[in-house]
Amino acid sequence: MKRVKTALLVPGMIIARDVHNASNILVMGKDTVLSDESITKLAFHSIYSVYVKDEVTEVPKTSYERTFVPSKIKETKEFIMFKESYDEEVKNLEVTFNDIITLQSKKIGISELCKQATSMLDDTRGGIHVFDILHNLRDYDDSTFNHCMNVALICNVFADWMHMSSMEKEIATVSGLLHDIGKLRIPDSIVKKAARLTDEEFDLIKTHPMEGYNILFESRFITGIQNAALMHHERVDGSGYPLGLKGPQIDKFAKMVAIADVYDAMTAARVYRGALCPFKVIEMFEKEGLSMFDPEYLLVFMENIVQTYIKNWVRLSNGKEGEIVMMNKQKLSRPVILCGTEFINLADHPEISIEQVII
């Protein structure tokens, strides 16, 4: 038996102990044979690691062998320019984090940090949506700094969807940018450890929200940004950590970051496949998210993010390919697809799902 990070799990591994969330609610039972879907569920519930048995069960390859489909977006000038700016700003972010931790950043304002996080958006004015671009960055590095940059960009767009003021938009963006800064006080050898984790190492990783809060408090960031670092793993039903807060106790910026954080983590590439289809994530939000995340924020996020994929080309689980032409308001994860001359309403066909956004 060994403890393995959720990001390193592979279908066929077998759960060795019942998996509970921070409120001791059962998420997955002992002896569960992991599939792509169950690993996704663990990520959704912010389960950082689980105990698995040493043996592995063979599972049908079709349940998880989803080849990443190269996108024409990567060949566009916009994407190339975005990626160059993105890579440069991720490098700069590491310097910024270290400056904040060492209290060298007292003169860095929220507007400056927001600009650092969003400068590459100037390269997307030709019409490519930031979510399309992020989806196509998924086969690149996924360090803490990449993840924080992604969450900042998602929160920046999310704030527009929530009709926030320009100041609130900056706070939301910077909250996403700095939400995981506490991980820099965890030894790098543990954060990046590919081998099995000890219980002590796992408990240490779970201190990163409090560590992040302490860093941002010491650096005198405004309360909303401090709270986003502290509360981004809290859930409105009280099932989160480190404080087990419920609904109104959780800062609004933390509620936004929590959704963006989970979305980015779930759509990340894994060791056995490319980036997860966004509609799989939306489906998980629909099934289990409304009890864990504030519906006021989650519904706005889901309704708007699915709209960004209208007119995208997708591959279905039945092998057909087609264009997303319409969303179903009551079932956002199951839009209408035009395959040739045939309209397939996925809301009426639960046996068919979107496997890949080809774009």
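It should be noted that the structure appears before, not after, this text.
Numbers given for residues are sequential positions, taken from 1 along each chain in its written order. Side-chain atom pairs in this predicted model are given and counted only at pLDDT of 80 or more, local residue features only at pLDDT of at least 70, and totals for whole chains, interfaces and linings cover all residues. Here the side-chain values reflect all heavy atoms present in the structure, with hydrogen atoms and water set aside.

(A) The arrangement of the side chain of Asn-328 in detail. Secondary structure elements follow DSSP: runs of H or I no shorter than four residues count as helices, runs of E no shorter than two count as strands, and numbering proceeds from the N terminus. By secondary structure assignment, the location of Asn-328 is in the loop between β7 (321-326) and β8 (336-339). Whether two residues are in contact is decided by their heavy atoms, any of which lying within 4.5 Å being enough. Setting aside residues up to four positions removed in sequence, Asn-328 forms contacts with Arg-334, Pro-335, Val-336, Asn-345 and Ala-347.

(B) Representation of helix α12 (residues 278-288). To sort residues, take the accessible area from a 1.4 Å probe on protein chains only and compare it with the maximum for the residue type: under 20% means buried, over 50% means exposed, and anything in between is partly exposed. Counting buried residues along α12, nine of its eleven residues qualify, which places the element largely inside the surrounding structure. Taken together, the buried positions of α12 are Pro-278, Phe-279, Lys-280, Val-281, Ile-282, Glu-283, Met-284, Phe-285 and Glu-286. Those residues of α12 that are buried lie in contact with α1 (36-44), α4 (130-136), α11 (252-266), α13 (295-307), β7 and β10 (354-357).

(C) Local environment of the sheet that holds β10. Taken in spatial order, the five strands line up as β9-β8-β7-β6-β10 in an open sheet, and their pairing is antiparallel. If you trace the sheet from one side to the other, it starts and ends with β9 (342-345) and β10, each paired once. Pairs of neighbouring strands in the sheet enclose a mean axial angle of 40 degrees, with direction left out of account. One requirement defines pairing of two strands: DSSP has to find at least two bridges between them. Of the pairings in the sheet, the one linking β7 to β8 comprises three bridges and is antiparallel in character. Lines are fitted to the C-alpha atoms to define the axes, a helix being fitted only along its stretch in contact, and any angle between axes, read from their N-to-C directions, falls within 0 to 180 degrees.

(D) Layout of the environment of Phe-97. With respect to the helices, strands and loops of the structure, Phe-97 is situated in helix α2 (residues 77-101). Once you skip the residues sitting within four places of it in the chain, Phe-97 turns out to touch Phe-145, Cys-148, Leu-177, Leu-178, Ile-181 and Leu-184.

(E) Structural view of the packing of aromatic side chains. Between rings of Phe, Tyr and Trp, where Trp is taken as its six-membered ring, a pair exists when centres lie within 6.5 Å; planes separated by under 30 degrees are stacked, by over 60 edge-to-face, and by other angles tilted. One pass over the structure, following the stated rule, counts 16 aromatic pairs. With 5.9 Å between their ring centres and 65 degrees between their planes, Trp-161 and Phe-301 make a pair best called edge-to-face. With a gap of 140 residues between them, Trp-161 in helix α5 (residues 144-161) and Phe-301 in helix α13 connect regions that are remote in the sequence. In this structure, Trp-161 and Phe-301 share a single accessibility class: buried. Members of the aromatic cluster, connected to one another through ring pairs, are Phe-44, Phe-131, Phe-158, Trp-161, Tyr-263, Phe-285, Phe-293 and Phe-301. Consider the ring centre and the ring normal. A charge sits over the ring if Lys NZ or Arg CZ is within 6 Å of that centre and within 35 degrees of that normal. Taking NZ or CZ as reference, Lys-206 lies 4.5 Å from the ring centre of Tyr-241, over its face.

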